[in-house]
Structures are given as C-alpha cells and as structure tokens.
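The lines below spell out each chain.
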Amino acid sequence: EVQLVESGGGLVQAGGSLRLSCAASGHTSDDYAICWFRQAPGTEREAVSCIRPRTGSTYYADSMKGRFVISSDNAKNTVFLQMARLKPEDTAVYYCAADARIPAPLLVRPGSYRQIQIWGQGTSVTISS
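For every chain, the first residue of the written sequence is number 1, and numbering continues from 1 along that sequence. Given that this is a predicted model, residues contribute local features only at a pLDDT of at least 70 and side-chain atom pairs are listed and counted only at 80 or more, while totals for whole chains, interfaces and linings are drawn from all residues. By convention in this description, side-chain values take in all heavy atoms of the structure and omit both hydrogens and water.

Student: Got a minute to help me understand the packing of aromatic side chains in this structure?
Tutor: Two aromatic rings are characterised by how far apart their centres lie and by the angle between their planes. Paired rings are identified among Phe, Tyr and Trp, the last through its six-membered ring, by centres lying within 6.5 Å, and are further divided according to the angle between planes into stacked (under 30 degrees), edge-to-face (over 60) and tilted (the rest). In the structure shown here, the tally under the stated rule is two aromatic pairs. With a centroid separation of 6.2 Å and an interplanar angle of 85 degrees, the aromatic rings of Y95 and W119 are classed as edge-to-face. Here Y95, found in strand β9 (residues 92-99), pairs with W119, found in strand β10 (residues 118-119); they are 24 residues apart in sequence, far enough to count as distant. Linked through ring pairs, F37, Y95 and W119 together constitute an aromatic cluster. Taking NZ or CZ as reference, R19 lies 4.1 Å from the ring centre of F80, over its face. In our convention, an over-ring charge means Lys NZ or Arg CZ found within 6 Å of a ring centre and within 35 degrees of that ring's normal. The positively charged end of R45 is found above the aromatic ring belonging to Y95, 3.9 Å away from the centroid. Secondary structure counts use DSSP, requiring at least four H or I residues in a row for a helix and at least two E residues in a row for a strand, with both numbered from the N terminus.

In structure tokens:
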C-alpha cells in the first residue's frame, strides 16, 4: 500500500505558474504509476498526467499537453506537477493517485479515475482572471 499527500495549491493570477507536490509514503517500492487528476465543480474528474518514477516515463492527457510538466524526485518519494501559463479554467481540486496495475498510457485516458483506488486528499488551485 501507499499513501499520498498533495500540497502546493493556492490562489494564482492568470498567466502565473504553480508547482504541486505529491508525497508518497508506505510501500513505495512497488512499481506504481503516479498520476495527477483534477476536478472542477460540476465536472467529471479528468486526468492530467502520469509518471512511472522507476523509469521516468511520462504520459499526458491530450488536452493537458504543453503547459504542464510532471516529474519525480525518487529519493524523496515525491512527484511534482509544474503548471505554467495558468488559466481560469485550470481552477480545480488537483489530486494525485497511484496505480500499480493499469498501464500508464491508459491512466491518462478519459474516465480512468473510476478504476483507481489510491488517492490523495486533493489540493485546491484557484486561478483568478
């Protein structure tokens, strides 16, 4: 098992940047893919990006390519999401999630969140216009 805690959310003006962190603890030696999802009020949770820390392989939802970069610091068991050129429509609660069985490319497809059981508590990101 692994436990996840997100941090780094806050209020940012449009055009700004923000880095979110997902700290993992517990059975971190398993080959988990770590993903970022986001959910705005009244919307379905959507995938942002995933990383396989053991290999460094990264995957992005098609709609998220370009402004977001996922990375990991394996020594610290932490995954980051660097967000740039933020827009009001990026406002959401951002969650990290872990999965050890579903192929990572599938985790960034729409609806993948329904199959994931390990989640952090979320961190709120608000982008003002």
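Student: Just checking my understanding: could you explain the pairing of strand β11 (residues 123-128) for this structure?
Tutor: For every residue, the accessible area (1.4 Å probe, protein chains only) is compared with the maximum for its type, and the residue is labelled buried under 20%, exposed over 50%, or partly exposed between those bounds. Burial of the side chains of β11 is restricted to one face: T123, V125 and I127 are buried, whereas none of S124, T126 and S128 on the reverse face is. Here a strand pair is declared whenever DSSP counts at least two bridges between the two strands. As judged from the four bridges shared by strand β2 (residues 10-13) and β11, these two strands associate in the parallel manner. Pairing of V12 across the sheet is with I127, part of β11. Strand direction decides the pairing type here: β9 and β11, joined by three bridges, are antiparallel. Paired with A92 across the bridge in β11 is V125.

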